[in-house]
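# Observations on chain architecture
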Amino acid sequence: MELTDKNDPYEAALPPIDKYREMYNEAKSIRGISLWQDAWRRLRRDWVSMTALSFLVLLALAAIFTPLFPLQSPREQDLANRVALPPEFVSTTKVTNKAGEPEVAPVSLNLVDLKDKEFERRVGELWTTLNPFDQLLLNVRLAIFGDWCVPSLCGTDLLGRDLLSRLFYGARVSLIVGLVATLVSLLIGVSYGAIAGYAGGLVDDLMMRIVDIMYSVPFIFLVLFVITILSEDEVKKQLEGYGISRIVILYILIGAVYWLTMARVVRGQIISLKNEQFVDAARTIGASGFRIVFMHLVPNVLSIVIVYLTLTIPAVMLFEAFLSFLGLGVEPPDVSWGMLSEEGTRVITPVKIYWWLVVFPALALASTLYSLNFLGDGLRDALDPRMKNR
Amino acid sequence: MIKFLLKRMLWMVLTMWVVFTISFFLMWTVSPEGALLSERQLPEAIKQNLERYYHLDQPLTYRYFIVLWEYLHLNPGPSMKLIDKSILEILREGLPISISLGVLGLSFALILGFASGIISALRRQTVIDVTFRSIATLGIAIPNFVLAGFAIIIFVFQLKLFPAAGWGRPIDLVLPSLCLAAPFAAYISRLTRTGMLEVLGQDYIRTAYAKGLMPTTVVLKHAFRGAILPVVSYLGPATAGILTGSLVLERIFFIPGMGSHFIEAVLQKDHPVSLAIVMVYTFLLFTMNTLVDLSYGLIDPRVKLDK
Amino acid sequence: MAEEIIMADAAEHENKPGKVLLDVRDLAVEFRTEDGNFKAVRGVDFELRAGETLGIVGESGSGKSVTNLAMLGLIPQPPGKITSGSARYDGLDLLRMSDKQLSEIRGNRIAMIFQDPMTTLNPFLTIDEQLTEVTRKHLGLSYKDALDRAIEMLEKVGIPGANRRVFNYPHEFSGGMRQRVVIAMALSCDPDILIADEPTTALDVTIQAQILELMQKLQDEHGTAIVMITHDLGVIANMANDVLVMYAGRKVEQAKVNDLFTDPRHPYTLGLLNSIPRIDEQVGAELSPVAGQPPDMSQTIQGCAFYPRCPYRIDECLQVDPPLVQVGTGTMHACIRDVTTLDPPTPK
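Note that this is a predicted model, so its numbers are computed, not measured.

### Digging into the overall build of chain B
The number of helices and strands found in chain B is 12 helices and zero strands. Along chain B, from the amino end to the carboxyl end, the secondary structure elements read α-α-α-α-α-α-α-α-α-α-α-α. Out of the 307 residues belonging to chain B, those deemed buried represent 52%. Within chain B, counting contacts between residues at least 6 apart in sequence, those at least 24 apart form 76% of the total. As displayed, chain B has an accessible area near 14,100 Å², and 69% of this comes from carbon and sulfur atoms. Taken together, the 26 basic and 19 acidic charged side chains of chain B have centroids lying 13 Å from each other.

### Some remarks on the sheet that holds strand β2 (residues 36-49) of chain C
Residues and elements named next belong to chain C. On the basis of which strands lie adjacent, the open sheet formed by four strands has the order β2-β1-β4-β5 and antiparallel pairing. The strands lining the two open edges of the sheet, one partner per strand, are β2 and β5 (92-93). For strand β1 (residues 20-33) and β2, the ladder comprises 11 bridges, and the chain directions are antiparallel. Within β2, the residue paired with T33 across the bridge is G36. Against the sheet, helix α2 (residues 64-71) engages β1, β2 and β4 (80-89), with an angle of about 75 degrees to β2.

### Focus on the domain arrangement of chain B
All names here are of chain B. Splitting chain B by domain gives domain 1 (2-72) and domain 2 (87-299). When each unit is reduced to the centre of its C-alpha atoms, the spacing between domain 1 and domain 2 is 33 Å. Regarding the contact of domain 1 and domain 2, the summed buried area is about 1,600 Å², with carbon and sulfur atoms giving 81% of it. Looking at the side of domain 1 facing domain 2, the largest losses of area belong to R8, M16 and M27, adding up to 32% of the total buried there. Counting across the domain 1 and domain 2 interface gives one salt bridge. Among the ionic pairs, D293 bridges to R8, the shortest N-O distance being 2.6 Å.

### Digging into the interface of chain C and chain B
With 24 residues of chain C in contact, the opposing surface of chain B contributes 20 residues. Both faces combined, the contact of chain C with chain B buries some 2,200 Å², and carbon together with sulfur accounts for 62% of it. On the chain C side of the interface with chain B, the three residues burying the most area are F114, F124 and E133 of chain C, jointly 30% of the side's total. For the pair chain C and chain B, the number of links is three salt bridges. Here E133 of chain C and K221 of chain B are joined by a salt bridge, their closest N and O atoms 2.8 Å apart. Linking chain C with chain B are 14 residue pairs in polar contact (both at pLDDT 80 or more), by the criterion used here. Counting residues per element, the side of chain C that touches chain B draws most heavily on helix α5 (residues 127-138) of chain C, at six residues. Taken together, the residues that form the side of chain C that touches chain B break down as 11 nonpolar, eight polar and five charged.

### Quick notes on the domain arrangement of chain C
Residues and elements named next belong to chain C. In terms of domain boundaries, chain C breaks down into domain 1 (1-109 + 193-277 + 288-348) and domain 2 (116-188). Between domain 1 and domain 2, the C-alpha centre-to-centre distance is 30 Å. Counting from both sides, the interface comprises 18 residues of domain 1 and, opposite them, 15 residues of domain 2. Inspection of the region where domain 1 meets domain 2 yields one salt bridge. Applying the counting rule to domain 1 against domain 2 returns five residue pairs in polar contact (both at pLDDT 80 or more). When contributions to the side of domain 1 that touches domain 2 are tallied by element, the ones reaching two or more residues are α3 (99-105) and α9 (205-222). For the side of domain 1 that touches domain 2, the element with the highest residue contribution is α9, accounting for nine residues. Looking at side-chain class alone, the side of domain 1 that touches domain 2 contains nine nonpolar, five polar and four charged residues.

### Some thoughts on the confidence of the model for chain C
Residue and element names in this part refer to chain C. Residues at a pLDDT of 70 or more form 89% of chain C, whose mean pLDDT is 80. This stretch, residues 1-16, has a pLDDT under 50; its non-local contacts, to residues over four places away or in other chains, come to 20 contacts. Per the prediction output, this complex has pTM 0.79; the corresponding ipTM is 0.80.

### Here we look at the interface of chain B and chain A
Size of an interface: often given as the accessible area lost when the parts come together. If you look at the interface, chain B gives 46 residues, while chain A gives 41 residues. Between chain B and chain A the total buried area reaches about 4,200 Å² when both faces are included, carbon and sulfur atoms providing 78% of it. Put simply, chain B and chain A have zero salt bridges between them. Contributing elements (two or more residues each) for the side of chain B that touches chain A: α1 (2-30), α5 (127-141), α6 (144-158), α7 (171-200), α10 (229-252), α11 (258-267) and α12 (271-299) of chain B. No other element matches the eight residues that α6 of chain B contributes to the side of chain B that touches chain A. A breakdown of the residues in the side of chain B that touches chain A according to their chemical character gives 29 nonpolar, 10 polar and seven charged.

### What about the side chain of T192 of chain B?
Residue and element names in this part refer to chain B. One can find T192 in helix α7. Engagement of the side chain of T192 in a polar contact is seen with the backbone oxygen of I188, the distance being 2.6 Å. Aside from chain neighbours lying at most four places away, what touches T192 is G113, F114, G117, I118 and V231.

### Thoughts on the arrangement of the chains
Summarising the chain contacts, two pairs of chains touch, and the pair with the most contacts is chains A and B. Left apart from each other, chain A and chain C have a closest C-alpha approach of 12 Å.

### With respect to a nonpolar patch on the surface
All names here are of chain A. Together, V57, L58, L61, I64, F65, F133, L136, V140, I144, F145 and W148 make up a nonpolar patch on the protein surface, roughly 1,000 Å² of accessible area in all. Element by element, the count of residues in the nonpolar patch is highest for helix α5 (residues 132-145), at five residues. For L61, the position within the fold is in helix α3 (residues 47-64).

### Section: the pattern of salt bridges
Applying the stated criterion across every chain, the model contains 28 salt bridges over all chains. Close ionic contact of R206 of chain B with D203 of chain B constitutes a salt bridge, the shortest N to O distance being 4.0 Å. Highlighted residues: R206 of chain B and D203 of chain B, both in helix α8 (residues 203-210), separated by three residues, approximately one helical turn. What makes R206 of chain B partly exposed here is its relative accessible area of 25%. Accessibility expressed as a relative area gives 24% for D203 of chain B, which makes it partly exposed. Each member of the salt-bridge network shares a partner with another, and the members are K211 and K221 of chain B together with E129 and E133 of chain C.

### Brief notes about the packing of aromatic side chains
Any pair of aromatic rings gets described here by the distance separating the centres and the angle formed by the planes. Applying the stated rule across the entire model yields 25 aromatic pairs over all chains. Ring centres 5.7 Å apart and planes at 40 degrees place the aromatic pair F20 of chain B and Y64 of chain B in the tilted group. Here the residue F20 of chain B occupies a position in helix α1, and Y64 of chain B occupies one in helix α3 (residues 60-72), the gap between them amounting to 44 residues. Note on Y247 of chain C and Y268 of chain C: the rings are 4.7 Å apart at their centroids and 50 degrees apart in plane angle, and the pair reads as tilted. Note that Y247 of chain C is positioned in strand β9 (residues 242-247) and Y268 of chain C in helix α12 (residues 267-274), a separation of 21 residues in sequence. Owing to a relative accessible area of 2%, Y247 of chain C belongs among the buried residues under this scheme. Among the residues examined, Y268 of chain C registers a relative accessible area of 0% and is labelled buried. These aromatic residues form a ring-pair network of at least three members: F20, F24, F25, W28, Y64, F65 and Y71 of chain B. For R251 of chain B, the ring lying beneath its charged end belongs to F325 of chain A, and the centroid distance is 5.9 Å.

How each quantity is defined
Residues numbered from 1 in each chain as written. Chains lettered and ligands numbered in written order. Predicted model: local features only at pLDDT ≥ 70, side-chain atom pairs only at ≥ 80, totals over all residues. Heavy atoms only, no water. Helix = DSSP H or I, 4+ residues; strand = E, 2+ residues; numbered from the N terminus. Buried < 20%, exposed > 50% of the residue type's maximum accessible area, 1.4 Å probe, protein only. Contact = heavy atoms within 4.5 Å. Areas by Shrake-Rupley, 256 points an atom, 1.4 Å probe, with all protein chains shown as cover. Lys, Arg positive; Asp, Glu negative; His and termini not counted. Charge placed at Lys NZ, Arg CZ, Asp CG, Glu CD. Pairing = 2+ DSSP bridges. Axes fitted to C-alpha atoms, helices over the stretch in contact; angles between N-to-C directions. Domains from an automatic or database assignment. Buried area = accessible area lost by both parts, 1.4 Å probe. Salt bridge = Lys/Arg side-chain N within 4 Å of Asp/Glu carboxyl O. Polar contact = N/O pair within 3.5 Å; in protein donor to acceptor, adjacent residues only side chain to side chain. Nonpolar A, V, L, I, M, F, W, Y, C, P; charged D, E, K, R; others polar. pLDDT = per-residue confidence, 0-100. Patch = residues over 30% accessible without salt bridge, like charges linked within 9 Å, V, L, I, M, F, W, Y side chains within 5 Å. Phe/Tyr/Trp six-rings, centres within 6.5 Å; stacked < 30°, edge-to-face > 60°. Lys NZ or Arg CZ within 6 Å of the ring centre and 35° of its normal.

The structure is reproduced here in structure tokens:
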């Protein structure tokens, strides 16, 4: 309206703006729902998936902000007084005082009163090295809670270390291993599958034949072999010279084992997509093959990739536990849930059963993997409504 | 069919050769001394003798062909650690144990998985279904060795149903193979349930009911075949998983199988033994994958065996 | 209630040959889903006489298939539920039979063929397996006799080389051939009633004609009564003696086939007839489909279900769900207006 002046001689020639505006408004009011919005709406109605999702979010937050919580040290041993204590709910412990007599004192970090050098030495004793972010969180914690610690709710291990604290710090390592290794497998699998699927013909045949062969290669055994070699002190030093820590290689190796299925799935999807018109459209405006694959095709297989992702993370975390069991996983002073479970099962004897050492790590691992599995199922249903109710 | 098998044989030879080559060079380049590494205090003369015995004094490529030649004659030579034993003897001891553990585990997994999966699908959304699915997810979410730990605490120490560990009697195999089977049974159960529900929604199932067949006939004759296709294709990866799992369980239950030998060989850099066991595993995996493809073709007549 | 009385009258007045094989009364089926109770069938009655063909027409979702599936206990329960009605066959109510009794009748006395021959045969089993299991179960034949019977049936439905082809898998047959196999399977126990649920919809037009011809031929030979469910009025015109028009889970019109085409009484039937392309029509004349969408059957329908789409609607139509009324020699319709006296509506 405001565009057309009353005296405008061209008014008659102009399109009927009111009508277009009306159409525009109407079109605007019918907003399309994207696949993701739709999926999210369906997922929100599924309380199992939502419970799993909230649990995982809380867990991730807990892992990130672990130093903030008033936990005991995950490292400090106390062979004299605190060996293999069952779960306790009082934050006190027996200590031997200077006179050599036993007395009951609160569990304490003995940190607040220390200054500078002493303080740093004690922090090193309690947590090895802390990065600046963790240091910050620790300072906040000391400001709020002081030396006070949560009681050993999950008991202590055979070296007198607090299991609860070890579980929290283990969560950091386990989750990181799960995520990073999965991302590695994702990267390899998606690129490989997408390229094979898009290239088609001989290249595809060859690439997929290689995958077929690899299915018959007992990778895990080769991985074990490589890891033992990497655990050699000499090799480790050499690697550290290059600035690569052993755990990075661990990620890459685990990731490299789990990409085969992902490659197959992605290839299948790409093949069914690559004859769609939007790919032709991209090609006609001169997009390169690389661009078509990674900008146009891969985003379209994202949903299936995400579903598969939630199912790969548990597999990878189990593999980490498996490596820990063989003594080839992360190394002390780092802790992971796999390692804690292994420590728990190792001390099973007919004489005495330290049930808390088996139950709590298993519970942590199982509830996380459980949630990931349920979330994966829920996501699959949400992203692919056809699959609903199956 | 014969053409398919011949082709597969060819691929197997190729695969095994590739695995052999990669493993061989990987092992010997990163730790050239093998198991002799740990015995530095040996007198020089003996050490040289040993080196000659294992051809360690020869260049690596030359040794590669020697070992390859020996492998072609199915003679992987002596172990480096257990000097008085040949690798064939080690395999002859370990393989039957591991295979019976694996076969028993796989059978348990299939029986438990099929039964619970079918019942779950038929009694969908009931208490039974939810219970089975929760147990199945638990089986997937707990590491093998933790499960074995629980099993030992409950069945061995508390209920005293099974012997703790050891090897020799058939009963010794039951608990380990059940623990080995658990995650795979869980997965197979889920696959069967999904497959069953999908097939039960098909038109041909309605046709079967319309023909007046009883529900059991419909499920077992008409639905089962279609429903287990995903399970069949899962058997390849499952075999790989069972091999891995047996490493853990042999260790927990002190079973002298191939897994135990492999771990030991790897930790002690007994390269000839590791290599031989890797080759055996490759062979087993390849055979299993071929069997899977073959049975896929037998179950689904629409599948053509053309690879 | 009123409907039943009318039905009874109709039965007396008419003198159809053959005895009543199947007598369905007031059948109602619901599907209970998260989104509410979906009333798929809302009280349908019909009867089927020996040797005759009853056509059931209606658009997708009108309840024509569900009516027949429910009768044979073939709707999944839950979510499906038969809320009322009876279906008498041979003096017994199919809806109150045990699964075992019902399975004696299914495939034996009452056989069914379905729409898509690509999916109705089990892809994992050979044809002989699928054909012989019916006769072995119901007629107690040995495998050998059953196989002979299967080959005989395949020959009868016109499958060349039947004694060889019987050992093939379904995927080795073309669509039309598969539908012939399905028909052979359905007829192999020589049933009294054949329920054909859109048997030609998924087929090419030429094949459609062949299949219909085959069914006609087999009906003449065996005297099988056929319930022909379709949305294709051409098929009805060819095959049916009586026609039942369904809309939104209800019977809205029932008539002899000639009466239906020459003297339709329900606006919906009229709409259907107007939507068929006619060869005598001017080139370029527009087809007039029945405008609008069928009602949401999970909601309670106020008054006549066809009201929103009806060109003849008046306010009274919203007051009552029109009962079936009889006119002439057997035509029944559920419309409170007499469309024959009204001017044809002008298209908007």
